[in-house]
Amino acid sequence: QDGRCAYLTGLGATGKRDSNGNAPVTANAVLRVKLPERGAPEVFFGDPAEAGAGDKRLNDPQGLAVDGQGHLLVADRGNNRVVVLAEKDGSFVGSFVAPSPEWLGVSRRTGAIYVQSGENVIRFSPPAKPDRDGWKAVKEAGRTAIPAGKFRYPKNPKFLSLALDPSAEPAVLWVGWGSASGMTGVGLLRCED
């Protein structure tokens, strides 16, 4: 919130492999690095060595976003939810259901939450109140498939990169992919809500 911390996921692999035996399973925690010191990352939320659910654990956390209201949102893919934490101390504020979230962004103007779920981007309403019950009541407000044809690599949407301009009105979502995705060339698509 004050720009004095960076939050990270996907560091500290446990050495385990996924169910296909391909890629190392990443740590099940959000890490924090204090700025400007840039010291060693410290566990902010979760347990790096053990997946779980509830108010203390994560299962395969992916994307992160701040809402400008003191909250850090975590795409908790293995638990099919978005977890909301207090930026000041990492305490659990609430969560809402989202199918296999991989990336997320928050509009600073409207409070709408955008979540990548496979080949879809889902827009969720902002919470009526920023407490546990308010976050539970967050509902899907719209859904769109990432545009087909040359703008999508359907075999593996993980090759996509997404970024939300949090201050644009209407919200602008940038979708990009690189040549490593198996597609020819490099692409960038600008989408307005």
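Structure first, text after, so check above.
Heads up: these notes are all about the structure in this document. (Residues numbered from 1 in each chain as written. Predicted model: local features only at pLDDT ≥ 70, side-chain atom pairs only at ≥ 80, totals over all residues. Heavy atoms only, no water.)

1. What to know about the nonpolar core
Considering soluble globular proteins, one finds that nonpolar side chains tend to be buried as a cluster.
So, point 1. With 17 residues, the main nonpolar core has Leu73, Ile113, Phe124 and Trp135 as its most contacted residues.
So, point 2. Mapped onto this core, the elements with two or more residues apiece are strand S5 (71-76), strand S6 (81-86), strand S7 (92-97), strand S8 (101-106), strand S9 (113-117) and strand S10 (120-124).
So, point 3. Per-element accounting of this core gives the leading share, three residues, to S6.
So, point 4. Those residues within four positions of Trp135 in sequence are excluded, and the remaining contacts are Asp67, His71, Leu73, Val84, Val93, Gly94, Ser95, Phe96, Ile113, Pro127, Lys129 and Pro130.
So, point 5. Counting residues in each nonpolar core, the second largest holds 13 residues, with Trp103, Ala112, Tyr114 and Leu189 among its members. (Core = buried A, V, L, I, M, F, W, Y, C linked by side-chain atoms within 4.5 Å. Buried < 20%, exposed > 50% of the residue type's maximum accessible area, 1.4 Å probe, protein only. Helix = DSSP H or I, 4+ residues; strand = E, 2+ residues; numbered from the N terminus. Contact = heavy atoms within 4.5 Å.)

2. Things to note about the environment of Ala6
So, point 1. Examined against the element boundaries, Ala6 turns out to sit in strand S1 (residues 5-8).
So, point 2. Separated by 26 residues in sequence, Ala6 and Arg32 have C-alpha atoms that sit 5.7 Å apart.
So, point 3. Among all residues touching Ala6, those that are not within four sequence positions of it are Leu31, Arg32, Val33 and Leu35.

3. As for the sheet that holds strand S12 (residues 160-165)
So, point 1. Reading across the sheet, the three strands line up as S12-S13-S14 and stay open at both edges, with antiparallel pairing between neighbours. Lying at the two open borders of the sheet, with one neighbouring strand each, are S12 and strand S14 (187-192). Neighbour to neighbour, the strand axes of the sheet diverge by 20° on average, direction disregarded.
So, point 2. Here S12 runs beside strand S13 (residues 172-177); their pairing, made up of six bridges, is antiparallel. Residue Leu164 lies in a different strand from S13, and its bridge partner there is Leu173. (Pairing = 2+ DSSP bridges. Axes fitted to C-alpha atoms, helices over the stretch in contact; angles between N-to-C directions.)

4. Notes on the side chain of Ser107
So, point 1. Along the chain, Ser107 turns up in the loop between S8 and S9.
So, point 2. Every residue in contact with Ser107, bar those within four places of it in the chain, is listed here: Ala112, Tyr114, Leu164 and Pro166.

5. What to know about the pairing of S10
So, point 1. Bridge count between S9 and S10: five bridges; the pairing is antiparallel. Following the sheet pairing, Val115 is matched in S10 by Ile122.
So, point 2. Hairpin connection of S9 to S10: two residues between the antiparallel strands, including Gly118 at a positive phi of 60°.
So, point 3. Pairing geometry for S10 and strand S11 (residues 140-145), over five bridges, is antiparallel. The residue bridging Asn120 from the neighbouring strand is Ala145, located in S11.

Such coordinate-based values are descriptive only and should not be taken to indicate function.
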